[in-house]
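Structure assessment
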Amino acid sequence: MPITLTRLDPTGEDHDALVDFLTRNEFPFHVNHRWTREAVETSTAGGAFRDEDNDSFWLDHEEHGRIGFLRLEDLGEDSPLFDLRLDAPFRNRGLGADVLRAVSMHVFTTLPRVTRFEGQTREDNVAMRKIFLRCGWVKEAHYRESWPVDGGRPLASVAYAVLRRDWETGRTTPLVWDDLPG
Ligand SMILES: CC(C)(COP(=O)(O)OP(=O)(O)OC[C@H]1O[C@@H](n2cnc3c(N)ncnc32)[C@H](O)[C@@H]1OP(=O)(O)O)[C@@H](O)C(=O)NCCC(=O)NCCS
C-alpha cells in the first residue's frame, strides 16, 4: 500500500500545518469552499478534528510525501463517515483510489466495532464518485437537492458505503433498490 495515515495533533505540533493546508487549498465540492484561519481555530477548539467522535490524519505517499488530509467522523457509531481532501498539486493524478483503499484498511483494521464505512459527496464530484466505484463501494442513496450551493440551485448529495464483510471477502453484497413492488 503506497499510502500511510499519520495521526495528527490539531492543537499541538500539527496545528500550524493544518491551518496552512486548509487555508491555502480550495475545496470546490465542499459546502465551504475556503477556510479562514479563524474558522480552523474555531473548529479546532470545538474538537472537530479530534474528540470522541472525530480523528484526523495526514495522508503520506511513499513517493510523493504528504499528499492530503483525512478526518474520520462519527467514530462513536458502528458506521463512521470520512472527509478526504488531497492537496491541490496531487489531485487528478490517479491517487484517489489508493488513498481510499488505505483509509478503508485503516478503519477496518483499527476499529473493530465498525461494521460499515460511509462516504457522501456532491453529485458533480465525478472524481470522488469514480473512486468509490473503483474501490467497490455501493451507492446507497441519492439525496436530491440536499446540498446547498451559494447563489445556485441545491445539488444532490450521493452516499456510498462498504460493508466490513464485503471488504473482508472481496464480494459485494447487492443492494436491491426496488425491493418493495408498488
Ligand atoms: C476528490 C479527490 C479525493 C479525488 O482524488 P483524485 O486523486 O484527484 O482523483 P483521480 O485522479 O484518481 O480521478 C478519479 C477518476 O475521476 C476522473 N475524473 C477526475 N475529474 C473528473 C471530471 N471533472 N470529470 C470526469 N471525470 C473526472 C479521473 O479521470 C479518474 O477516472 P478513472 O478512474 O476512470 O481513471 C481529490 O480530487 C480531492 O481531494 N478533491 C478535493 C476535495 C474533495 O472533493 N474531496 C471529496 C470529499 S468526499
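Heads up: the structure comes first, above all this text.
Structure report, in brief. (Residues numbered from 1 in each chain as written. Predicted model: local features only at pLDDT ≥ 70, side-chain atom pairs only at ≥ 80, totals over all residues. Heavy atoms only, no water.)

1. A word on the pattern of salt bridges
Any two side chains of opposite charge can pair, given that their charged atoms come close. Counting across every chain of the model gives 15 salt bridges. With a closest N to O distance of 3.2 Å, Glu41 and Arg37 form a salt bridge. Note that Glu41 and Arg37 are positioned in helix α2 (residues 37-45) at a spacing of four residues, about one turn of the helix. Its relative accessible area of 29% is what places Glu41 among the partly exposed residues. Residues participating in the shared-partner salt-bridge network are Arg7, Arg50 and Asp55. (Salt bridge = Lys/Arg side-chain N within 4 Å of Asp/Glu carboxyl O. Helix = DSSP H or I, 4+ residues; strand = E, 2+ residues; numbered from the N terminus. Buried < 20%, exposed > 50% of the residue type's maximum accessible area, 1.4 Å probe, protein only.)

2. Details of the site of the ligand
Close to the ligand lie 19 residues; Leu84, Leu86, Asn92, Gly94 and Gly96 are nearest. Here an oxygen atom of the ligand and a backbone polar atom of Asn92 are 2.7 Å apart. Asn125 places a polar side-chain atom, nitrogen or oxygen, 2.9 Å from an oxygen atom of the ligand. Burial of the ligand by the surrounding chains reaches 72%, relative to a free accessible area of 960 Å². Residue assignment for the shell around the ligand shows that the elements contributing at least two residues are β4 (81-86) and α4 (126-134). Here the element with the most residues in the shell around the ligand is α4; it accounts for six residues. Per-class residue counts for the shell around the ligand are eight nonpolar, six polar and five charged. (Near = heavy atom within 4 Å. Polar contact = N/O pair within 3.5 Å; in protein donor to acceptor, adjacent residues only side chain to side chain. Areas by Shrake-Rupley, 256 points an atom, 1.4 Å probe, with all protein chains shown as cover. Nonpolar A, V, L, I, M, F, W, Y, C, P; charged D, E, K, R; others polar.)

3. A look at a nonpolar patch on the surface
Taken together, the side chains of Met1, Met105 and Trp167 define a hydrophobic patch exposed on the protein surface, amounting to about 290 Å² of accessible area. With respect to the element layout, Met1 can be found in the segment before β1 (3-7). Given the relative accessible area of 53%, Met1 is considered exposed. (Patch = residues over 30% accessible without salt bridge, like charges linked within 9 Å, V, L, I, M, F, W, Y side chains within 5 Å.)

4. Quick look at the sheet that holds β4
What the four strands build is an open sheet, ordered β1-β2-β3-β4; its pairing is antiparallel. Strands with a single pairing partner mark the edges of an open sheet, and in this sheet they are β1 and β4. Going across the sheet, the axis of each strand differs from the next one's by a mean of 30°, ignoring polarity. (Pairing = 2+ DSSP bridges. Axes fitted to C-alpha atoms, helices over the stretch in contact; angles between N-to-C directions.)

5. A short note on the nonpolar core
Leu59, Leu70, Phe82 and Phe117 are the most contacted members of the largest nonpolar core, which totals 27 residues. Going through the elements one at a time, β1, β2 (55-61), β3 (65-73), β4, α3 (96-110), α4 and β7 (155-163) are the ones with two or more residues in this core. Broken down by element, this core gets its largest block of residues, six residues, from α3. With residues near it in sequence (within four places) discarded, Leu70 still touches Leu5, Asp55, Ser56, Phe57, Leu59, Phe82, Asp83, Leu84 and Val103. Phe27, Val40, Phe49 and Phe69 belong to the second-largest nonpolar core, a separate cluster that totals eleven residues. (Core = buried A, V, L, I, M, F, W, Y, C linked by side-chain atoms within 4.5 Å. Contact = heavy atoms within 4.5 Å.)

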